[in-house]
Amino acid sequence: MNTLDNPLLAEFLAVLYEALMDEATTDGVLHSIPKVGPGSPMPHWTVERLMREHPGSNVSDLGDWHCQLHGTRNQWWMEIVDERMPAQDKPYRVSLYENALYLNYLAAETLRQGRVTSEEISYSVSSILTDFDEKIFGQSEALEAYENGATAANHPWIVMTHIG
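It should be emphasised that the depicted structure is a prediction, and the values quoted were computed from it without experimental measurement. (Residues numbered from 1 in each chain as written. Predicted model: local features only at pLDDT ≥ 70, side-chain atom pairs only at ≥ 80, totals over all residues. Heavy atoms only, no water.)

**As for the packing of aromatic side chains**
Move 1: Under the criterion given, the structure shown has seven aromatic pairs.
Move 2: With a centroid separation of 6.4 Å and 75 degrees between ring planes, the pair formed by Trp76 and Tyr97 is classed as edge-to-face. In this pair, Trp76 is assigned in strand E3 (residues 75-82) and Tyr97 in the loop between strand E4 (92-94) and helix H3 (100-106), connecting sequence segments 21 residues apart. The pair formed by Trp76 and Tyr97 is uniform in burial state, with each residue classed as buried.
Move 3: Ring centres 5.2 Å apart and planes at 85 degrees place the aromatic pair Tyr102 and Phe137 in the edge-to-face group. Pair noted here: Tyr102 is in helix H3 and Phe137 is in the loop between helix H5 (118-133) and helix H6 (139-147), with a separation of 35 residues, a long-range link. (Phe/Tyr/Trp six-rings, centres within 6.5 Å; stacked < 30°, edge-to-face > 60°. Helix = DSSP H or I, 4+ residues; strand = E, 2+ residues; numbered from the N terminus. Buried < 20%, exposed > 50% of the residue type's maximum accessible area, 1.4 Å probe, protein only.)

Structure representation (structure tokens):
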């Protein structure tokens, strides 16, 4: 069944798009929160200080991700760049319309209740941002796509094969 054929999922995705846009910059970009320095939970730290005081830290985890929202509230997708991925020049695309497993996870309560709630939308935005931070929002599938021949010139469309 096409996601757009299900009015409840179509409404969920439209409201989710609006909520994500509320979190984004004016041009539709979502950014990770810096790990150290201004705007981070450790505003007075630098990468150099972190490495000096915690030499076992993984510097690649300090990288940022950003996500550009494309389309309209009625049909949209995300283009993601995650600097923490090996060879950081591997952007990828995700359409929740084409990711039934992840969409059903996000919209589970909507489907159960038969209506979209602001609580579930807030939870879904939080889940997406957390999954970006935890590198479980298509990152492994994107790396696999690149290993199988995808190129940065033609960003792969990712279908998430697992949640979490």
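Further notes follow.
**A few points about the environment of Ala14**
Move 1: Its location among the elements puts Ala14 in helix H1 (residues 7-23).
Move 2: The class of Ala14 is buried, set by a relative accessible area of 3%.
Move 3: Once the C-alpha coordinates of Ala14 and Trp76 are considered, the two residues, 62 residues apart in sequence, prove to be 8.6 Å apart.
Move 4: Sequence-distant contacts of Ala14, defined by excluding residues within four places in its chain, comprise Arg73 and Asn74. (Contact = heavy atoms within 4.5 Å.)

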